[in-house]
Amino acid sequence: RDRARARALALDSARALDPARAAYDFALVGSIAQEAFFPSLEASLPALRLDHLRGNLSDGTLIAPAVVEFEVEQDGTVRPSRQQPDLVIQRGYDLVFPLTAISLGALRERNPDWRRDRGVHRLGILPFLWLTGGDVWREHAQVFRDAVGIERLYAYMPDISLWDKPFEEWTDADWGMGLSALWRVDTGEVLWADGAPNVQDMPHVGQPIGAFNEWR
């Protein structure tokens, strides 16, 4: 039953967003893969061979969308990092897909449970993956606000060609690729835009998913 529900939600999302938007497709796949092994490094994505480390994926520093740097003690214990990708923070992002377990900005400062509690993390990324659930976000705004701890979440879904490219090396053209989404937790509204505009500009350039697709 759970698999059938997940499949139905994925189909709804595919219909709601242009299928050519590979950034969304890969963000969805990457998020599902990460969720399966969230949050400990011992269990995180076996192909990465991180099982010799003790700590959480969320304790690392995001260097690129899919590249994490860890500070490791001699016994394999990971020290929680205080470093954050400046170029991403400057644009106001709280999350970068696919590694959304690594919270950024205000979300990292105000909600430590995000990085360790599967329930909080799962609830917080849902509005970016289930594109037709707008009524749910509005009807249960207080529940989401209590879980997330801030009034808005700003997420970036970069093109997969940039997943292993350090943010410090990105060009203006790179920042113009992919999708951005601003979730106004207090109202339940989710706005979408191409590229990576500053969060302050999203109320002007961002659009609800239906209008965004029509404009495209």
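The preceding data block contains the structure.
Note that the coordinates shown come from a computational prediction; the quantities given were computed from them, not determined experimentally. (Residues numbered from 1 in each chain as written. Predicted model: local features only at pLDDT ≥ 70, side-chain atom pairs only at ≥ 80, totals over all residues. Heavy atoms only, no water.)

Engineer: Give me the pairing of strand S6 (residues 152-157): which residues, what numbers.
Structural biologist: Extensive coverage of S6 is indicated by the burial of five of its six residues. Where strand S5 (residues 95-96) meets S6, two bridges bridge the pair, whose relative direction is parallel. Bridging across to S6, Leu-95 finds its partner in Ala-155. Both S6 and strand S7 (residues 179-184) contribute to a ladder of six bridges, which runs antiparallel. The residue of S7 that forms the bridge with Ala-155 is Ala-181. (Buried < 20%, exposed > 50% of the residue type's maximum accessible area, 1.4 Å probe, protein only. Helix = DSSP H or I, 4+ residues; strand = E, 2+ residues; numbered from the N terminus. Pairing = 2+ DSSP bridges.)

Engineer: Can you lay out helix H7 (residues 141-148) for me, pointing to particular residues and giving the numbers?
Structural biologist: Every α-helical turn comprises 3.6 residues, leaving residues that sit three or four positions apart pointing alike. If you check which residues of H7 are buried, you get Ala-141, Phe-144, Ala-147 and Val-148. Mapping the buried residues of H7 onto a view down its axis gives an arc of 130°, with all of them on the same face. Looking at the packing, one finds that the buried side of H7 touches helix H4 (105-110), helix H5 (118-129), helix H6 (134-139), S6 and S7. Following H7 by one or two positions, Gly-149 adopts a phi angle in the positive range, close to 85°. (Arc of directions from axis to C-beta. Contact = heavy atoms within 4.5 Å.)

Engineer: So what's going on with the environment of Glu-168? Which residues, and what values?
Structural biologist: Looking at where Glu-168 falls in the secondary structure, it is placed in the loop between S6 and helix H8 (172-175). Judged by its relative accessible area of 62%, Glu-168 is exposed. Separated by 82 residues in the primary sequence, Glu-168 and Asp-86 place their C-alpha atoms 8.7 Å from one another.

Engineer: Give a detailed account of the nonpolar core, specifying residues and quantitative values.
Structural biologist: Of all hydrophobic cores here, the largest spans 29 residues; its most connected members are Phe-128, Leu-153, Met-157, Trp-183 and Trp-192. Taken together, the elements giving at least two residues each to this core come down to helix H2 (22-37), H5, H7, S6, S7, strand S8 (189-194) and helix H10 (209-215). In this structure, Leu-62, Val-88, Leu-162 and Leu-182 belong to the second largest nonpolar core, which totals 26 residues. (Core = buried A, V, L, I, M, F, W, Y, C linked by side-chain atoms within 4.5 Å.)

Engineer: Go over the sheet that holds S6 with me, naming the residues and quoting the values.
Structural biologist: As summarised here, the arrangement of the four strands in space is S5-S6-S7-S8, forming an open sheet in which the pairing is mixed. Two strands close off the open sheet at either side, each with one partner strand: S5 and S8. Relative to the sheet, H5 contacts S5, S6, S7 and S8, its axis offset from that of S6 by approximately 60°. (Axes fitted to C-alpha atoms, helices over the stretch in contact; angles between N-to-C directions.)

Engineer: Explain the pairing of S7 to me, using residue names and the numbers behind them.
Structural biologist: Here S7 lies mainly inside the structure; five of its six residues are buried. Examined bridge by bridge, S7 and S8 share six bridges and lie antiparallel to one another. Counterpart to Trp-183 in the pairing with S8 is Val-190. Between the end of S7 and the start of S8, which pair antiparallel, lie four residues, with Gly-188 showing a positive phi angle near 85°.

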